[in-house]
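Spelled out from the first residue to the last, the chains are:
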Amino acid sequence: MASLIRCPHCGARPREEFTVRGAALARPAPEAGEEAWYTHVYLRENPRGTYREYWHHASGCRRWLVVTRDTATHETSSVEDAASLRLAAPAATTESER
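All figures in this text were calculated on a predicted structure; none of them were measured in a lab. (Residues numbered from 1 in each chain as written. Predicted model: local features only at pLDDT ≥ 70, side-chain atom pairs only at ≥ 80, totals over all residues. Heavy atoms only, no water.)

**Side note on the pattern of salt bridges**
And then number 1: As enumerated under the stated definition, the model contains four salt bridges in all.
And then number 2: Arg52 serves as the salt-bridge partner of Glu80, at 3.6 Å between the closest nitrogen and oxygen. Linking Glu80 in strand 6 (residues 76-81) with Arg52 in strand 4 (residues 50-56), this pair joins segments that are 28 residues apart in sequence.
And then number 3: Arg52 gets classed as partly exposed once you look at its relative accessible area, which sits at 31%.
And then number 4: The partner of Arg69 in a salt bridge is Glu53, and the shortest N-O contact between them spans 2.6 Å. In this pair, Arg69 sits in strand 5 (residues 64-70) while Glu53 sits in strand 4, placing the two residues 16 residues apart along the sequence. (Salt bridge = Lys/Arg side-chain N within 4 Å of Asp/Glu carboxyl O. Helix = DSSP H or I, 4+ residues; strand = E, 2+ residues; numbered from the N terminus. Buried < 20%, exposed > 50% of the residue type's maximum accessible area, 1.4 Å probe, protein only.)

Take a look at the structure:
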């Protein structure tokens, strides 16, 4: 059986209709330092288990989605329209916490 992604706009669609952009992470604040931006752009975790990613429904409604899936089994647990989400920025790290 083909892997299906349940698009909130189009219903269950084959995974081949989508492209994956990457982790759905909150962006640092514009005034965040160089280290925060370097970490955000270049350093990524490769977790086993539940992970949130941006997916584009390229062959369907062309909307950006946030797909929560298990990286070990590839089962999806939720799919949300990315436009309806606002990912909160992580709290700033003080010099004493480093």
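Now that the structure has been shown, we can carry on.
**Here's the deal with the sheet that holds strand 5**
And then number 1: The strand order across the open sheet built from four strands is 3-4-5-6, with neighbouring strands paired in antiparallel fashion. Of all the strands in the sheet, the pair left with one neighbour each is strand 3 (19-23) and strand 6. This sheet shows a mean twist of 30° between the axes of neighbouring strands, independent of strand direction.
And then number 2: Note that strand 3 and strand 4 share four bridges and pair antiparallel. By the bridge assignment, Ala23 is partnered in strand 4 with Glu53. (Pairing = 2+ DSSP bridges. Axes fitted to C-alpha atoms, helices over the stretch in contact; angles between N-to-C directions.)

**A word on the nonpolar core**
In globular proteins that are soluble, nonpolar side chains generally tend to be buried together.
And then number 1: Ranked by size, the top nonpolar core spans seven residues in total: Ile5, Cys7, Phe18, Trp55, Leu65, Val67 and Val79.
And then number 2: Among the secondary structure elements, those contributing two or more residues to this core are strand 1 (4-7) and strand 5.
And then number 3: The contacts of Val67, once residues within four sequence positions are left out, are Ile5, Tyr51, Arg52, Glu53, Trp55, Thr76, Ser78 and Val79. (Core = buried A, V, L, I, M, F, W, Y, C linked by side-chain atoms within 4.5 Å. Contact = heavy atoms within 4.5 Å.)

**Observations concerning the environment of Glu75**
And then number 1: Summarising the element assignment, Glu75 is placed in the loop between strand 5 and strand 6.
And then number 2: In sequence terms Glu75 and Ile5 are 70 residues apart; their C-alpha atoms lie 9.3 Å from each other.
And then number 3: Not counting chain neighbours up to four residues away, the residues in contact with Glu75 comprise Thr68, Arg69 and Asp70.

**What to know about the confidence of the model for the chain**
And then number 1: Looking at the chain, pLDDT values average 85 and 85% of them are 70 or higher.
And then number 2: Strand 5 holds the highest mean pLDDT among the elements of the chain, 95, whereas strand 3 holds the lowest, 91.
And then number 3: In the predicted structure, residues 88-98 sits below a pLDDT of 50 and forms eight contacts with residues beyond four places in sequence or in another chain. (pLDDT = per-residue confidence, 0-100.)

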